Amino acid sequence: MKPADQTTGEAQQPGEPGPGSEIGPSALLDSVSKSFGRLRESEQKVARVVGAAPDWVIHATVADVARRAGVSEPTVMRFCTALGFSGFRSFQLLLAQGLALGIPATQSVITSADSVAQIVSKVFDYSVTSLDHARRVMRLEAIEAAVSALSSAREILFLGLGTSGVVAQDAQQRFFLFDVPCSAPVDAHLQFMAASLAGPDTRVVAISHTGRTLGVLDSVKAARANGAKIIAITGSESRLSELADIAIIVETLENRLSESRLSELAD
């Protein structure tokens, strides 16, 4: 039976620290600990949950955290705001980064005072952290479904514009090794023409970090109309993921384009 909190009568989660106790060793968790005293009593309950199970929190929803802390969802949002975050998601992402390799985002910012060695270290450290985060939150069932779909393809069409176009061209080069006809047109008009010629045996891999690139969306719609199977690689739930048969969400810390390209290439 869980011990009851004497001030509220609510059951405490196993291993939760009491009020005023240290919440964790990393930079963000230390910040939560130092801010504990100025938080409202209800917000302190959220802080205890974060300190007791940070690995769980990075995969939880606002509703999950609220339920475990015994507070309302707005209280969870107020807790994040009190710590200087725009919302729960931004808090969650920074927490995930700190847990991955212990590299706070504030330490990854390049300044004019940094030496070349410091800049190189920050770039590599942050990239590794972001890739590790993407790996942790990636839905493996989507990867498995994509592998199955691609293995039966007669041809593969890669779509992407701008930075995502670079990823599409890299994928085209790699997939030639599987002895499957591949194409990755760089022009939006050529992409649309190729998509219009796609058929049921075509696999279209559409890449867009925002999932809102109009040229890519138009080509995907044209390919879908012809019965092609669509595999999307995108940064979040979006219009592109809605149109896709299989959506691979590549979530990176703070959604920086450089890290998103690295994660998309890794996929």
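Not measured: the values here are computed from a predicted model. (Residues numbered from 1 in each chain as written. Predicted model: local features only at pLDDT ≥ 70, side-chain atom pairs only at ≥ 80, totals over all residues. Heavy atoms only, no water.)

A.B. asks: I would appreciate a short explanation of the overall build of the protein chain in the present structure.
C.D. replies: Scanning the protein chain for helices and strands turns up 13 helices and five strands. Split into buried and exposed, the 267 residues of the protein chain put 47% on the buried side. For the protein chain, long-range pairs separated by at least 24 residues make up 63% of all intrachain contacts whose partners lie at least 6 apart in sequence. Here the protein chain displays about 13500 Å² of accessible surface, and carbon together with sulfur accounts for 55% of that area. (Helix = DSSP H or I, 4+ residues; strand = E, 2+ residues; numbered from the N terminus. Buried < 20%, exposed > 50% of the residue type's maximum accessible area, 1.4 Å probe, protein only. Contact = heavy atoms within 4.5 Å. Areas by Shrake-Rupley, 256 points an atom, 1.4 Å probe, with all protein chains shown as cover.)

A.B. asks: What is the right way to read unusual backbone geometry from this model?
C.D. replies: Across residues other than glycine, the phi torsion is negative in most instances, and most of the peptide bonds are trans. Phi is positive for D179, close to 60°, though the residue is something other than glycine. Mapped onto the elements of the fold, D179 is located in the loop between α9 (163-175) and β2 (182-183). Classification of D179 by relative accessible area gives exposed; the value is 69%.

A.B. asks: It is not clear to me how the nonpolar core should be interpreted in this structure. Could you clarify?
C.D. replies: One recurring pattern in soluble globular proteins is that nonpolar side chains are buried together. Core analysis: the biggest nonpolar cluster contains 26 residues, and V46, V50, V57, V76, F79, F91 and L95 have the highest contact counts within it. Ignoring any residue separated from it by four or fewer positions in sequence, one finds V57 in contact with V49, V50, V65, F88, F91, Q92 and L95. By size, the runner-up hydrophobic cluster in this structure holds 20 residues, among which are A149, A153, V180 and V250. (Core = buried A, V, L, I, M, F, W, Y, C linked by side-chain atoms within 4.5 Å.)

A.B. asks: Would you mind showing me how to read the packing of aromatic side chains here?
C.D. replies: Aromatic rings considered in pairs are described by the distance between their centres and by the relative angle of their planes. On inspection of all chains with the given rule, the structure shows four aromatic pairs. Pairing F158 with F175 gives two aromatic rings, centres 5.3 Å apart and planes at 55°, and the pair type is tilted. Linking F158 in strand β1 (residues 155-159) with F175 in helix α9, this pair joins segments that are 17 residues apart in sequence. (Phe/Tyr/Trp six-rings, centres within 6.5 Å; stacked < 30°, edge-to-face > 60°.)

A.B. asks: Would you take a moment to explain the sheet that holds strand β4 (residues 229-234) for this structure?
C.D. replies: Adjacent strands of a sheet form backbone hydrogen bonds with each other and so pair up, either parallel or antiparallel. The strand order across the open sheet formed by five strands is β2-β1-β3-β4-β5, and the pairing between neighbours is parallel. The sheet is open, and its two edges are formed by β2 and β5 (246-249), each paired on a single side. Note: β1 against strand β3 (residues 202-208), five bridges, orientation parallel. Paired with I156 across the two strands is R203, which belongs to β3. (Pairing = 2+ DSSP bridges.)

A.B. asks: Would you mind showing me how to read the pairing of β4 here?
C.D. replies: Side chains on a regular strand alternate between the two faces of the sheet. A large share of β4 lies buried, amounting to five of its six residues. Pairing of β3 with β4 involves six bridges; the strand directions are parallel. Note that in β4 the partner of A206 across the bridge is A232. Relative to β5, β4 runs parallel, the two being bridged by four bridges. The residue of β5 that forms the bridge with I233 is I248.

A.B. asks: What's the story with the pattern of salt bridges in this structure? I'm lost.
C.D. replies: Under the criterion given, the structure shown has five salt bridges. The closest approach of N and O atoms between R174 and D170, which form a salt bridge, is 2.6 Å. Taken together, the residues span about one helical turn, with R174 and D170 both in helix α9 at a distance of four residues. Of the charged contacts in the structure, one is a salt bridge between E242 and R239, with a shortest N-O distance of 3.3 Å. Linking E242 with R239, this pair stays in helix α12 (residues 239-243), spanning three residues, or about one helical turn. Residue classification places R239 among the partly exposed positions, given a relative accessible area of 39%. (Salt bridge = Lys/Arg side-chain N within 4 Å of Asp/Glu carboxyl O.)

A.B. asks: Whenever I open this one, the confidence of the model for the protein chain confuses me. Can you help?
C.D. replies: Reading fine detail from the predicted coordinates is not recommended where pLDDT is low. Per-residue confidence for the protein chain gives a mean pLDDT of 80, with 79% of residues at or over 70. Mean pLDDT per element in the protein chain: helix α13 (residues 257-266) is the minimum at 49, and β1 is the maximum at 97. Note that residues 1-26 has pLDDT below 50 and, in this model, 44 contacts with residues that lie over four places away or in other chains. Note that pLDDT drops below 50 for residues 254-259; the model gives that stretch 11 contacts with residues more than four away or on any other chain. (pLDDT = per-residue confidence, 0-100.)

A.B. asks: How should helix α4 (residues 62-69) be read in this particular structure?
C.D. replies: Turn by turn, an α-helix covers 3.6 residues, leaving residues three or four places apart pointing in a common direction. When α4 is considered as a whole, its buried residues turn out to be V62, V65, A66 and A69. An end-on view of α4 places all buried positions within 100° of arc, on one side of the element. Note on α4: the residue one or two positions beyond its end, G70, has a positive phi of about 75°. (Arc of directions from axis to C-beta.)

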